[in-house]
Amino acid sequence: MEIVRSHILVCAGTGCHASNSDEIVEALQKHIETEKMDKEVRVIKTGCFGLCALGPVVVVYPEGAFYSRVTPEDAGEIVREHIVKGRIVTRLLYQETVQEEGVSSLSETPFYKKQFRVALRNCGVIDPENIDEYIAFDGYSALGRALTEQTPQEIIDIISKSGLRGRGGAGFPTGRKWQFAAAAQGDVKYVVCNADEGDPGAFMDRSVLEGDPHSVVEAMTIAGYAIGAHEGYLYVRAEYPIAVKRLEIAIRQAREYGFLGKGIFGTGFDFDLIIRLGAGAFVCGEETALLASIEGRRGEPRPRPPFPAVKGLFAKPTLLNNVETYANIPWILQNGWEEFTKIGTEKSKGTKVFALGGKIHNTGLVEVPMGTTLREVVEEIGGGCPGGKAFKAAQTGGPSGGCIPAEHLDIPIEYETLMSIGSMMGSGGLIVMDEDNCMVDIARYFLDFTVDESCGKCAPCRIGTRRLYQLLEKITGGGGTPEDLDTLEVLCKHISENSLCGLGQTAPNPVLSTLRYFRDEYEAHVRDKKCPARVCKDLLQYKITDACIGCTACARVCPTDAITGKVKELHVIDQAKCIKCGACEEKCKFKAIIKE
Amino acid sequence: MKSLEELKAIREKTLAGIQLRKEDGADNVRVVVGMATCGIAAGARPVLGAFVDEIGKRGLSHVSVTQTGCIGVCRLEPVVEVYVPGEEKVTYVKMTPEMVQRIVAEHLVNQQIVSEYTIGAAE
């Protein structure tokens, strides 16, 4: 690779890509050519930096200047000022890095300070479409050493001792899973990667595949060697076009370099990878349904045992891990299991990636050591709720997880502690809710999702979740009774105990956890017929207060002519006609329209 | 891919090119070229190019080349400052691409300051 004096890294993850990062790359290149500096400056597309809320992100090295919310129009200024004259464009800098005595390092900002990157180690650092850069950052050395110097059992022992647990959500010890698959009898075995990230709002696996696809390719090849498999499948959802494209490039490059194919590293070991696209069914994230889908059958789960390690893909022993789990493997083999066990807590080792979303300042991707408290993630890294609103709850684990109230914010993030308070680690979606969110409505939202995504194979899930949803609709619609709350609990218990797979077993979690921590909100809905957060439309009324000066703006904007009143006189809303669209409240300059 | 040595060769070849992205560059030497209008007018651009070339040729991955604004002595431009960690900075003045080769060889490789090119000698 040519030596150049400056690298301009542009985030090309899905988030920044959607806000035109491709055009920024083009504009930068055009301006660099105009300045005749194309021999000394390189523009590189990388994976996600994590700070998606401030995208598109551009980082200029060697200074490490972190520019946020860059537009294609800013490219000229960055090139002319920063690249030509060496004057950092302060206006575009990420404000947290701007200090009185100059620019601080990105790793010193509140967003990055508490993070520790293992799975995301190369995201935003290397060009994911260039295998040489992955190699330069120690890529494929773990594979090389494994094949030439270690036995399969030694590798499994290292993974076991590291304490790594499945990052897909359930937290099963990875080493034990590998051991089972290695011990299973069979001449043909498979390695499978679950990249069917289905939780609404979660994008950890996508970011790993987009920013560092080779880490997964390398880890799966190591896994193949460890358990004795010669073929691997990557099950990726088709909604991730950038991730799929970069994986395809990575697999092609790995074949060219001989990291995949026959006789890898001059040994007798053969391995290759195949990509399978999923159509986006949530249930296909469940392992048995995923395997069925790869085989070309309908994505439905089946009872376990037999577990996939014994009888999986095409009825052969199969090792199935999640993207993030695989991304940890090369790091552990390079740095040793001892290093890995130094991160995290006693029972949960290493780090966890979270996709921060909802009512939070720094929407984006973060990776923290296990044992970090939720408060640190939400308030320090995430920057708290925007607009000075009060934090109400954090939802982990997506539709299978639960809501964690403010009183539990200080618990450390670990598999067991999250379970003990009625939520779960999940794959890493973390949705923050503030005082304006109605918890009953949130539960209804998640059930709406589960009802849609239930595959329908077993009755407790198919019928149970629908009944659960109908009850929640009744409550948010104002028709609920106190008895309904008891019915909810009974139904939840029944669904979770009798469903066939994880989808149904965990589907009631959002209801159970909100009932547990926010029962007062449920009671307000059924007893007082009020929605305390003023979200449920059927339980609130728009009213005009004395602050009205009679400007008629609201009457003009009302789509159903529900507002009447003369000019300069107090207006009134006809509740029978009002459809509660909120247009009048938005229009009123005098804050005279209130919801109650 | 046949051996670990082959992998290592690719690694080292690429690493030199992307070293400047590593944040833990505490022991890195910085070569800073004055690139304000005065510097550019006096010919700082070819000087900077020569540094990049020369450092690349010698594979000095611990040296980064950056640019800065006007240092204040416009009459002595092009000005280049060399920062070696733990040592006082050295300021070279009235630089030309021809002088670059010697500075790289003597100062950056052999830690011998080229006194006759420094601001002390010019004043």
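Residues numbered from 1 in each chain as written. Chains lettered and ligands numbered in written order. Predicted model: local features only at pLDDT ≥ 70, side-chain atom pairs only at ≥ 80, totals over all residues. Heavy atoms only, no water.

**Q** Help me understand the interface of chain B and chain A, please; the structure alone is not making it clear to me.
**A** The parts lose accessible area when they come together, and the size of an interface is often stated as this lost area. Listed as interface residues are 30 residues of chain B and, on the opposing side, 48 residues of chain A. Carbon and sulfur atoms supply 60% of the area buried between chain B and chain A, which totals about 3,200 Å² over both sides. Where B:R11 meets A:D138, a salt bridge forms, and the shortest distance between an N and an O atom there is 2.8 Å. Our enumeration of links across chain B and chain A arrives at one residue pair in polar contact (both at pLDDT 80 or more). Secondary-structure elements contributing two or more residues to the side of chain B that touches chain A are α1 (4–18), α2 (37–42), α3 (44–58) and β2 (63–68) of chain B. Ranked by residue count, the leading element in the side of chain B that touches chain A is α1(B), at ten residues. (Contact = heavy atoms within 4.5 Å. Buried area = accessible area lost by both parts, 1.4 Å probe. Salt bridge = Lys/Arg side-chain N within 4 Å of Asp/Glu carboxyl O. Polar contact = N/O pair within 3.5 Å; in protein donor to acceptor, adjacent residues only side chain to side chain. Helix = DSSP H or I, 4+ residues; strand = E, 2+ residues; numbered from the N terminus.)

**Q** Help me understand the sheet that holds strand β10 (residues 318–322) of chain A in this model?
**A** Strand-to-strand pairing in sheets goes through backbone hydrogen bonds, with the strands running parallel or antiparallel. Residues and elements named next belong to chain A. Pairing in this open sheet of four strands is parallel, and the strands run β9-β8-β7-β10 from one edge to the other. Each end of this open sheet is capped by a strand with a single partner; those strands are β9 (272–278) and β10. For this sheet, the mean angle separating the axes of adjacent strands, direction not counted, is 20 degrees. Bridge analysis of strand β8 (residues 231–237) against β9 gives seven bridges, and the strand direction is parallel. If you follow E231 over to β9, its bridge partner there is D272. Sheet contacts for helix α10 (residues 213–227): β7 (190–195), β8, β9 and β10; angle to β7, the most-contacted strand, approximately 150 degrees. (Pairing = 2+ DSSP bridges. Axes fitted to C-alpha atoms, helices over the stretch in contact; angles between N-to-C directions.)

**Q** Teacher, can you tell me more about the pattern of salt bridges here?
**A** Note that side chains of opposite charge can pair when their charged atoms are close. All names here are of chain A. Under the defined criterion, the tally for this structure stands at 40 salt bridges over all chains. Notably, a salt bridge pairs K245 with E129, separated by 3.7 Å at the nearest N-O pair. Of this pair, K245 sits in helix α11 (residues 241–257) while E129 sits in the loop between α4 (110–113) and α5 (131–136), and the two are 116 residues apart along the sequence. Classification of E129 as partly exposed rests on a relative accessible area of 28%. For R237, the salt bridge identified is with E239, shortest N-O distance 3.6 Å. (Buried < 20%, exposed > 50% of the residue type's maximum accessible area, 1.4 Å probe, protein only.)

**Q** Teacher, can you tell me more about the side chain of A:T318 here?
**A** Residues and elements named next belong to chain A. Structurally, T318 can be placed in strand β10. At 2.7 Å, the side chain of T318 and the backbone nitrogen of L313 are in polar contact. Apart from residues no more than four positions distant in its own chain, T318 is found in contact with Y190, V192, L291, P308, A309, G312 and L313.

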